[in-house]
Amino acid sequence: MTTRHDTAAPPAKEGGAAPGRPPADGLPEQEQRRRARLSRRWQRDVRWSPYAFVSPFFLLFLAFGLFPLIYTGWASLHQVELTAPTDMDWVGLRNYTRIFDDDFFWNAAKNTLTIGIISTVPQLLMAMGIAHILNYKLRASTFYRVAMLAPYATSIAAASLVFVLLFGRDYGMINWVLDFVGIDPVDWQGDKWPSQIAVSSIIIWRWTGYNALIYLAAMQAIPQDLYESAALDGANRWQQFFHVTLPSLRPTILFTVVVSTIGASQVFGEPLLFDANKGASGGAEHQFQTLGLYLYEQGWVNQHLGRASAIAWTMFLILIVIGIVNFVISRRLRASS
């Protein structure tokens, strides 16, 4: 048997049925320039398109975030009145020293701290319990999860006005229930601690469901193998919650604590609308005036824009300190885990 060595196909003849693809060097010069131009355009598109997509955010941030922040810091070093915002007199740090010497500022700071504690701690504890209940298989679970967001979707004005009626001194439902069980009526708007509890209840009602859904999402991300292993070791549901659920939720708990703390330091709408006189004083004796109300009173009631700018920057520095504390704690938690 003869062996054949010419296995390669012979080159196609000119005018054959299947001519080979001409090399790129054989293209006309105009076509080569067109392809080179398209290649450069494609490279520029790949390089600069991501920046074009994110540029609207940065433009809006520069216009409505960074510029007002810098301008407020500049105005805090001047004496500026609301009636003449373009007339600025340089005063240096005098606005800061004046607010630190103002007893109403420290009163507002203490009220912000107490209202923040009264509203944040019960809020997060209730949110954790609700999320733990919703984490189990329930009938109409989707309905309950949507209902959790209903208070968050309600406007601050509507919620505050309803709570004003509930906490009314003479005809409020809360005092009616207290009188029914033999407790004297409480002046929820006139006394210090009752008014702060009432304002905190508005915050708790609005934000508990929101935090519950955050906890619920984190709970559903916990592997079921951990619960099965704990159940095989004889752990009941409470032991599983304390030894499996809570350790797995530490980053989420830290996140909600920080976000709730920042929100509590900026409370404004609830105490403003809860005041019977609808003013920025936070009650007749400033008993529930927060830093947000104090800023509004100085800037838009007393018309001292420079002093209000100093208050705003002081609040901004407080938030920076909270952010640093959050960073340190989260870093230690990651190192320990």
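Here the structure is a predicted model, which is why all the values come from computation and not from measurement. Position labels on residues start from 1 in each chain and follow its written sequence. For this predicted model, a pLDDT threshold of at least 70 governs which residues receive local features, and a threshold of 80 or more governs which side-chain atom pairs are given and counted, while totals over whole chains, interfaces and linings are taken from all residues. Where side-chain values are given, they derive from all heavy atoms of the structure, hydrogens and water being excluded.

## What about the overall build of the chain?
Now for step 1: Helix and strand counts for the chain stand at 13 helices and two strands.
Now for step 2: Restricting the calculation to C-alpha atoms gives the radius of gyration, and the globule rule supplies 2.2 Å times the number of residues raised to the power 0.38. Compactness check: the chain gives a C-alpha radius of gyration of 32 Å against a globular reference of 20 Å for 337 residues, more than 25% above the reference.
Now for step 3: C-alpha extents for the chain along the principal axes are approximately 120 × 70 × 40 Å.
Now for step 4: A total of 337 residues make up the chain; the buried ones form 33% of that total.
Now for step 5: Areas reported here follow the Shrake-Rupley algorithm with a probe of radius 1.4 Å; residue values treat only the protein chains shown as occluding. Counting every atom, the chain has about 22,300 Å² of accessible surface; 65% of that belongs to carbon and sulfur.
Now for step 6: For this count, His and the chain ends are skipped, Lys and Arg are scored as positive, and Asp and Glu as negative. Throughout, a charge is located at the NZ atom of Lys, the CZ atom of Arg, the CG atom of Asp or the CD atom of Glu. Where the 27 positive side-chain charges of the chain centre and where its 24 negative ones centre are 15 Å apart. Under the scheme used here, helices are H or I runs from DSSP no shorter than 4 residues and strands are E runs no shorter than 2 residues, and both carry numbers assigned from the N terminus. The classification of residues rests on relative accessible area computed with a 1.4 Å probe and restricted to protein chains. Under 20% of the type maximum is buried, over 50% is exposed, and intermediate values are partly exposed.

## Let's talk about the packing of aromatic side chains
Now for step 1: In this analysis, rings of Phe, Tyr and Trp, with Trp reduced to its six-membered ring, are considered paired at centre separations within 6.5 Å, and the interplanar angle assigns stacked below 30 degrees, edge-to-face beyond 60, and tilted for intermediate values. By the definition in use, this model includes 25 aromatic pairs.
Now for step 2: Aromatic pair phenylalanine 105 and tryptophan 106: ring centres 5.2 Å apart, planes at 75°, arrangement edge-to-face.
Now for step 3: For tryptophan 106, a relative accessible area of 43% corresponds to the partly exposed category.
Now for step 4: Their ring planes at 90° and their centres at 5.5 Å tell us that tryptophan 207 and tyrosine 210 sit as a pair that is edge-to-face. Here tryptophan 207 and its partner tyrosine 210 are both found in helix 7 (residues 192–220), three residues apart, which amounts to about one turn of the helix.
Now for step 5: For tyrosine 210, a relative accessible area of 28% translates into the label partly exposed.
Now for step 6: Put simply, the rings of Phe163, Phe167, Trp188, Trp205, Phe274 and Phe288 touch in pairs and so form one group of aromatic residues.
Now for step 7: For a ring to carry a charge above it, either NZ of a lysine or CZ of an arginine must fall within 6 Å of the ring centroid while also lying within 35 degrees of the normal to the ring plane. The lysine or arginine in question, lysine 192, covers the ring of tryptophan 193, its NZ or CZ lying 5.7 Å from the ring centre.

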